[in-house]
Amino acid sequence: MSADAAQDAPKKLTPVEGFKDASNYLSGPIPEELANDAPNFTGEAMQLLKHHGSYEQDDRDRRKEAKAEKVPGGKYYSMMVRTVVPGGRMSSDQLMAQFDLCEEVGNGTLRLTTRQAIQVHGILKSNLRHYINRVVAIGQTTLAACGDVCRNVMCSPVPKKNAVYDEMQALADRIKEHFKPRTGSYYELWVTDSETGEKTLAAGGANANGSGGYEFKSSGIKDGDGVEPIYGKTYLPRKFKMGVGLPEDNNADLYSQDIGFLAIVENELVVGYNLIVGGGFGRTPSAAKTFAAVGAPLCYCPLGEEISAAEAIMKVQRDFGDRTDRKVARLKYTLNRLGVEKFKELVEEYAGRALDPPKDAPITAHDDGMGWHEQGDGRWYYGLNVENGRIKDDGDFRLKTALRQIAAELNPPLRITGHQGLILCDIDAGDKSKLESLLTSHGVTLTENVSNARRWSMACPAMPTCGLAITESERALPGIMTQIEEELAKLGLQDEVFTTRMTGCPNGCARPYNSDIGLVGRAKEKYTMFLGGGTLGYRLNWIYKDMVPADQVAPELAKVFAEFKAKRTEGETFGDFCDRVGKEELLASCGE
Ligand code: SF4
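Residues numbered from 1 in each chain as written. Predicted model: local features only at pLDDT ≥ 70, side-chain atom pairs only at ≥ 80, totals over all residues. Heavy atoms only, no water.

Looking at the pairing of strand β8 (residues 259–266)
Burial runs high along β8: six of the eight residues are buried. Strand direction decides the pairing type here: β8 and strand β9 (residues 269–277), joined by eight bridges, are antiparallel. The partner of I259 across the bridge, within β9, is V277. Connecting β8 to the next strand, β9, in antiparallel fashion are two residues, including N267 with a positive phi near 50 degrees. (Buried < 20%, exposed > 50% of the residue type's maximum accessible area, 1.4 Å probe, protein only. Helix = DSSP H or I, 4+ residues; strand = E, 2+ residues; numbered from the N terminus. Pairing = 2+ DSSP bridges.)

As structure tokens, then:
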């Protein structure tokens, strides 16, 4: 099938494709619905709003109350808004402005996401424009934080002052800039006054560079159209995720991305990137056609050629991805359907050049950046463990206030990690103890005092905000980690490093399918337990037990930990042990 023939095949498209097609580049009915008094959006506007960085949600804890109270719309609706943070980099001023916003119009808390972005929940529809306008004013954007486009670009976040890390972070910016949607609707909706046509940024704002001001530099391969040179008016069949990392630092979980850019380093300089293609974790247990996948290296690109190769890959996905069924629309399914050889052939056709084979560069480590480290210029960075990424003030735990005071006194540049941590950068040696005391005096546990098990755990938000959640996740994991800590301590295994990732449904937002332990919501308070992945992230785990009640997670794991202690080889990690021994032997030893 040639590239041209792909456009001609008859298709019965999903409703979302129709919404995008009729939306005049992601506007559709949003302006009218923003102006009305309803507490929620219609389905069409909701789908389009994702591309602007917002999901409509409702308070699932209060559904009965909403019904009894007969509230307008029947539910307590609100919006989640996600701000993209390429490479996880932001200033303290930006974080403080986000805190102001979450207190002003959100639920008072802020979430560091598993893709190094920021999420605020509980924003009423009537406050949506104010929120997004203010985000643009502080030099950030919510554009393409969700939707069928290039999402937030991840990158190894540790602020080491050297050419390799500088280049990787610069690539994260280049990717985000190159693949950002060009539609003017974002700025028309959230920044431009509908009556005067003037840009109306909140006070103190940075320049809002709308689509009109950006000069698109074509790579010379096929175009979408005049407005969206890469995407065209129906954008991509599904979300598209990218990340940048190193063999010795896989914080960006490259094998879980649609495209992972693995830096190849010679003489302490990045000389090019392996492109790892086709990762993706969403699956539906009842649909056999769906699966989680880790990516595979497709090609090597000398420095400077990586973006045009990625553009060719994205365009193959744009034109050959399945737009008739969103369950199988991600790149991993396109790759599976076409086969690697055909897929590569198409990418070469779109790129207009042959692609080099990938370099041999196995993943060897994952730097989570936690604790104190000298950053290479005499100053220090401190990686703070933020449990499940939630920044809040809650009783004696006042992390939000602590960070406000740290910002006021030290103003550190910040980086969000791929494991929901926060790195505070550029700290003078003389300020280290001040930073620590600002944290501890607000009831925040220093990373050094957090167990390895908890430090390497993460959860998606799930209940009560996510409409797809089947079980608890963020609210359940801390208690389960306490039980796991106790079991590990009994066995003397408290120093082991392994990842535990929990999600409230099989969509897998917290990447549970390549971790040492994956806990995926399956039915009310019951989880599918996965074992056999690892901190390095290049291997899928497998189902160990299904329908495990929440209160049985730690006891079930305790049996496997005991086996691990008894039968591990020297230096073997928990995930490697489970992978080597396998499900059948573990079940036989630990009991069905
Ligand atoms: Fe919601 Fe499921 Fe994603 Fe969790 S994994 S945030 S429950 S969609």
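Describing helix α7 (residues 128–137)
For α7, a buried count of seven out of ten residues is recorded, marking the element as mostly surrounded by other parts of the structure. Those residues of α7 lying buried are L128, Y131, I132, N133, V135, V136 and A137. For α7, the secondary structure elements touched by its buried residues are α4 (43–51), β1 (54–58), β2 (77–83), α6 (92–104), β5 (118–123) and α9 (185–190). (Contact = heavy atoms within 4.5 Å.)

Regarding the packing of α6 against helix α13 (residues 399–410)
A pair of packed helices is captured by two measures, namely the crossing angle of their axes and the spacing between those axes. Across the interface, α6 lies against α13 with an axial gap of 10 Å and an inter-helix angle of 145 degrees. Crossing of α6 over α13 shows left-handed handedness. Contacts between α6 and α13 involve S92, L95, M96, F99, D100, C102 and E103 on the former and, on the latter, K400, L403, R404 and A407. (Axes fitted to C-alpha atoms, helices over the stretch in contact; angles between N-to-C directions. Left-handed = near helix turned anticlockwise from the far one by under 90°.)

Observations regarding empty space enclosed by the protein
In the structure shown here, the tally under the stated rule is two cavities of 30 Å³ or more. In this structure, the largest cavity spans a volume of roughly 40 Å³. Lining the largest cavity are N385, V386, E387, N388, H419, Q420, G421, R454 and S457. Here the lining of the largest cavity is built from residues that sort into one nonpolar, six polar and two charged. (1 Å grid on protein atoms, 1.4 Å probe; cavity = no way out; pocket = protein on both sides within 12 Å on 5 of 7 lines; lining within 4 Å. Points joined across faces, edges and corners; volume = space filled by probe spheres on them. Nonpolar A, V, L, I, M, F, W, Y, C, P; charged D, E, K, R; others polar.)

Here's the deal with the side chain of E228
The topology assignment puts E228 in the loop between α9 and β7 (242–245). For the buried residue E228, which engages in no salt bridge, the nearest side chain bearing the opposite charge is R182, 5.8 Å off. A polar atom in the side chain of E228 sits 3.0 Å from the backbone nitrogen of T183. Discounting residues that sit within four places of it in the chain, E228 has contacts with Y25, P181, R182, T183 and Y235. (Lys, Arg positive; Asp, Glu negative; His and termini not counted. Salt bridge = Lys/Arg side-chain N within 4 Å of Asp/Glu carboxyl O. Polar contact = N/O pair within 3.5 Å; in protein donor to acceptor, adjacent residues only side chain to side chain.)

Section: the environment of Q420
Within the secondary structure, Q420 sits in the loop between β16 (414–416) and β17 (422–427). With relative accessibility at 0%, the residue Q420 sits in the buried group. C-alpha separation for the pair Q420 and L399, spaced 21 residues apart in sequence, amounts to 14 Å. Among the polar contacts listed, one links the side chain of Q420 to the backbone oxygen of L112, at a separation of 3.3 Å.

Some remarks on the site of the ligand
In the vicinity of the ligand, the contacting residues are C460, P461, A462, C466, L468, A469, T503, G504, C505, N507, G508 and C509. Class assignment for the residues of the shell around the ligand results in eight nonpolar, four polar and no charged. (Near = heavy atom within 4 Å.)

Describing the sheet that holds β16
What the five strands build is an open sheet, ordered β3-β16-β17-β12-β11; its pairing is antiparallel. The strands lining the two open edges of the sheet, one partner per strand, are β3 (89–90) and β11 (371–374). Examined bridge by bridge, β3 and β16 share two bridges and lie antiparallel to one another. Bridge assignment links M90 to a residue of β16, and that residue is L414.

Considering the sheet that holds β7
As summarised here, the arrangement of the five strands in space is β6-β7-β8-β9-β10, forming an open sheet in which the pairing is mixed. Looking at the sheet topology across the chains shown, the edges are occupied by β6 (154–155) and β10 (296–302). Looking at chain direction, β6 and β7 are connected through two bridges and run parallel. Looking at the pairing, M154 lines up with G243 of β7. Against the sheet, helix α10 (residues 306–320) engages β7, β8, β9 and β10, with an angle of about 10 degrees to β9.

Overview of the packing of aromatic side chains
Per the stated rule, a full pass over the model turns up twelve aromatic pairs. Centroid distance F261 to Y273: 6.3 Å. Interplanar angle 80 degrees. Geometry classified as edge-to-face. Residue F261 is located in strand β8, and its partner Y273 is located in strand β9; the two are separated by twelve residues in the primary sequence. This pair shows no difference in class: F261 is buried, exactly as Y273 is. Ring centres 5.5 Å apart and planes at 55 degrees place the aromatic pair F564 and F577 in the tilted group. Remark: F577 occurs in helix α18 (residues 574–581) and F564 occurs in helix α17 (residues 553–567); sequence separation between them is 13 residues. Taken individually, F564 and F577 each receive the classification buried, so the pair is uniform in this respect. Pairwise contacts between aromatic rings join F498, F561, F564, F574 and F577 into one cluster. For K432, the ring lying beneath its charged end belongs to W372, and the centroid distance is 5.1 Å. (Phe/Tyr/Trp six-rings, centres within 6.5 Å; stacked < 30°, edge-to-face > 60°. Lys NZ or Arg CZ within 6 Å of the ring centre and 35° of its normal.)

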